[in-house]
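What follows is the residue order along each chain.
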Amino acid sequence: TVWSSDTSAVARVSAGVGGTHRIAVTSGLRVGTGTDLASYDLASLSSLAPANAPSIGKTVVTLFGASFGRSDYSPAMRVSGDATTSSHDATHLGGGSSCEASSWVSASSVTSRTPRGLLFPRAISLTLARQTSTTTGLFSYDAPSARVAAFPNGPAAGGGSPTIIGSNFGG
């Protein structure tokens, strides 16, 4: 810390993440404090790899961005439940689902396992030390695919119950 005048001093701030922080200044035997005087940049999210996964979840994805901190700040990644697309007339509401086993890798990447889900571009949220960053459209689930219909010829009057076999039905 360098003294500038009777009313100011210049200090170097350590690396970190999180919201606003309290600052304490000691001069001689006296201490003065102030709350919400310093803060760190909010993490920015730029890309996710892979960008889509099967609907059953459990795919390990890596989120890339900046300002994730120089050490592990217990990240928590989440896939949003809100989604709309211009080609679909549906909105899926909900708070989304937490990813499993989110792990800090570096100041610019976090890994996690996806939760189960269906279709549509999804927002991704990352929480680090009380601050949450969100971005839209980085992630989607694979589209459903029907391969076989067991009982392909039903009665003419209807009422049959065919079994459709495929993937990504929302497991």
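Anything mentioned here points back to the structure above.
Residues numbered from 1 in each chain as written. Predicted model: local features only at pLDDT ≥ 70, side-chain atom pairs only at ≥ 80, totals over all residues. Heavy atoms only, no water.

Trainee: For this particular structure, what's the right way to read the overall build of the protein chain?
Mentor: The number of helices and strands found in the protein chain is 0 helices and 17 strands. Residues classed as buried in the protein chain amount to 26% of the 171 residues present. Sequence separation of at least 24 residues holds for 53% of the intrachain contacts in the protein chain that already meet a minimum separation of 6. In the structure as shown, the protein chain presents an accessible area of about 10700 Å², 53% of it carried by carbon and sulfur atoms. Distance between charge centres in the protein chain, computed from 11 positive and 8 negative side chains, equals 7 Å. (Helix = DSSP H or I, 4+ residues; strand = E, 2+ residues; numbered from the N terminus. Buried < 20%, exposed > 50% of the residue type's maximum accessible area, 1.4 Å probe, protein only. Contact = heavy atoms within 4.5 Å. Areas by Shrake-Rupley, 256 points an atom, 1.4 Å probe, with all protein chains shown as cover. Lys, Arg positive; Asp, Glu negative; His and termini not counted. Charge placed at Lys NZ, Arg CZ, Asp CG, Glu CD.)

Trainee: What's the story with the sheet that holds strand E5 (residues 44-49) in this structure? I'm lost.
Mentor: Two pairing modes exist for strands in a sheet, parallel and antiparallel, and in both the strands are linked by backbone hydrogen bonds. On the basis of which strands lie adjacent, the open sheet formed by 4 strands has the order E5-E7-E13-E12 and antiparallel pairing. Of all the strands in the sheet, the pair left with one neighbour each is E5 and strand E12 (100-106). Put simply, the sheet's adjacent strands are angled 25° from each other on average, direction ignored. Direction of pairing for E5 relative to strand E7 (residues 60-66): antiparallel, over a ladder of 5 bridges. Following the sheet pairing, serine 44 is matched in E7 by alanine 66. (Pairing = 2+ DSSP bridges. Axes fitted to C-alpha atoms, helices over the stretch in contact; angles between N-to-C directions.)

Trainee: I tried to follow the side chain of serine 112 on my own but got confused; where do I start?
Mentor: Here serine 112 shows up in strand E13 (residues 109-113). The class for serine 112 is buried, based on a relative accessible area of 2%. There is a polar contact of 3.0 Å between the side chain of serine 112 and the backbone oxygen of glutamate 100. Within the local environment of serine 112, its side chain forms a polar contact with the side chain of serine 102, the two groups lying 2.9 Å apart. In this view, serine 112 contacts Thr59, Val60, Val61, Met77, Cys99, Glu100, Ala101 and Ser102; residues no more than four positions away in its chain are not counted. (Polar contact = N/O pair within 3.5 Å; in protein donor to acceptor, adjacent residues only side chain to side chain.)

Trainee: Hey, could you run me through the pairing of strand E15 (residues 131-141) in this one?
Mentor: Side chains on a regular strand alternate between the two faces of the sheet. In this sheet, E15 lies alongside strand E6 (residues 52-53) in parallel orientation, the contact comprising 2 bridges. Bridging from a neighbouring strand, asparagine 52 pairs with serine 140 of E15. Between strand E14 (residues 122-128) and the antiparallel strand that follows it, E15, lie 2 residues; alanine 129 among them carries a positive phi value of about 45°.

Trainee: I keep staring at the sheet that holds strand E11 (residues 97-98) and nothing clicks. Help me out?
Mentor: The strand order across the open sheet built from 5 strands is E6-E15-E14-E8-E11, with neighbouring strands paired in mixed fashion. On the outer flanks of this sheet lie E6 and E11, each paired with one strand and no other.

Trainee: Quick question: what am I supposed to make of the pattern of salt bridges here?
Mentor: Once the charged atoms of two side chains with opposite charge are near each other, the side chains can pair. A full pass over the atoms with the stated rule returns 2 salt bridges. Here glutamate 100 ties to lysine 58 by a salt bridge, and the two come within 3.3 Å at their closest N and O atoms. Note that glutamate 100 is positioned in strand E12 and lysine 58 in the loop between E6 and E7, a separation of 42 residues in sequence. Given a relative accessible area of 30%, glutamate 100 falls into the partly exposed group. A salt bridge links glutamate 100 to arginine 113, with the nearest nitrogen and oxygen atoms 3.1 Å apart. Placement of the pair is glutamate 100 in strand E12 and arginine 113 in strand E13, with a sequence separation of 13 residues. Judged by its relative accessible area of 32%, arginine 113 falls in the partly exposed class. A network of salt bridges, in which partner residues are shared, links Lys58, Glu100 and Arg113. (Salt bridge = Lys/Arg side-chain N within 4 Å of Asp/Glu carboxyl O.)

Any functional reading would require information that these geometric values do not contain.
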